[in-house]
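What follows is the residue order along each chain.
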Amino acid sequence: MNVQLILTFGFVCGYFSLGNATPLDLPIKDPRIVGGTESVPGEFPWMAHLTIARMGMQRMCGGSLISQNWIMTAAHCMDGAESVTVVLGGHNFNINNADIVTLQSKEFYIHPKYSSQTFPDDVALIKLPVNVAFTARIRSVVLSDLGNRDHVNDTVIVSGWGYYSDAVESTSDVLLKASTTVISNEMCSETWGSIIASTMICTSGTRGGICKGDSGGPMVYSVDGTWVQIGIASFGDNLCELMKPKGFTRIQSYLSWITSITGVSVATTQRPTTTPFSCQSDGIKSNPNDCNSFYMCSNGTPYLFNCPGGLVFNPQLQQCDYRQNVPQCNY
């Protein structure tokens, strides 16, 4: 995946142009997945394929479903947009798929501090016209307040339908994924200089990563088996295979804004928990005292997470679900 900064306005081949700037001068806003593999259908049920219309042209981005009626993506994807077509439940767009849901929206919110000429605050929200039903192929990703964790050296997963090689000029038909490693912002600054801010998170360029068409897609991190989104694909070098660091919006920095716009509750952790809970083994556990929350046990320590608003914990699925699907909580 790779991202391009708007220095001269207008679309070029479906993405924002850098004008005369060279890849060594500035990163680009418009990422793609390189060095990855095909995902398993339904492996990332929060993935959204976005086609954004602007000035009679179209561009493609990724996004993530964060509730029944909200999509999160990059601000540079939605900058100047007139409308967006959202596809959920997709995997291989060469095959007819009954699981796919397609919706169009003209209601979206770009972070008020975002500027097309700088890189921070690259986050936007899209409101869907209707609530989507969760299925095996369509589910929201977890947003969690993980505190001041910097994730340096953590292994994360990025995914998207963007370019998979600098040698091709088309996006992938299937959803690709790549495993990569978070690096420190100081190390990222060695390549990108002063544009790196604390509200960003970077990954190493030595493994798979984002490229053109992957902008706005999620970076997820596993917390004891549950995927938590911690980043949004934001920028990289114009040549995706140069092994330069890739830049993402650090979601932790924008949780308050996201909640203020969407009303989506963020999973929160407490240490120690207010209610005594004994971890007999690591993993996800039901909260015997509250359907709206669950525990994650790690190295014998319990962390209490709250389900997003309106959802309860389903012990069979090991994730938050509609109340009507959990008989013991349907009251």
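Presented here is a report on the structure given in the accompanying data block. Every value quoted in this text rests on a predicted model; they were computed, and no experiment measured them. (Residues numbered from 1 in each chain as written. Predicted model: local features only at pLDDT ≥ 70, side-chain atom pairs only at ≥ 80, totals over all residues. Heavy atoms only, no water.)

Attention now moves to unusual backbone geometry. Residue Met55 is not a glycine yet carries a positive backbone phi of 55°. When you line up the elements, Met55 lands in the loop between β6 (47-54) and β7 (57-67). Its identity as a non-glycine residue notwithstanding, Asp121 has a phi of 65°, on the positive side. Within the element layout of this structure, Asp121 appears in the loop between β11 (108-110) and β12 (124-127). Judged by its relative accessible area of 14%, Asp121 is buried. (Helix = DSSP H or I, 4+ residues; strand = E, 2+ residues; numbered from the N terminus. Buried < 20%, exposed > 50% of the residue type's maximum accessible area, 1.4 Å probe, protein only.)

Evaluated as defined, the whole model comprises four disulfides. For Cys291, the disulfide goes to Cys329, at an S-S distance of 1.9 Å. Looking down the S-S bond of the Cys291 and Cys329 bridge, the torsion is -80°, so its handedness is left-handed. Placement of Cys291 in the loop between β21 (283-286) and β22 (293-298) and of Cys329 in the segment after β25 (319-322) is noted, with a sequence separation of 38 residues between them. Per residue, the accessibility class of Cys291 equals that of Cys329, and both read buried. (Disulfide = S-S within 2.5 Å.)

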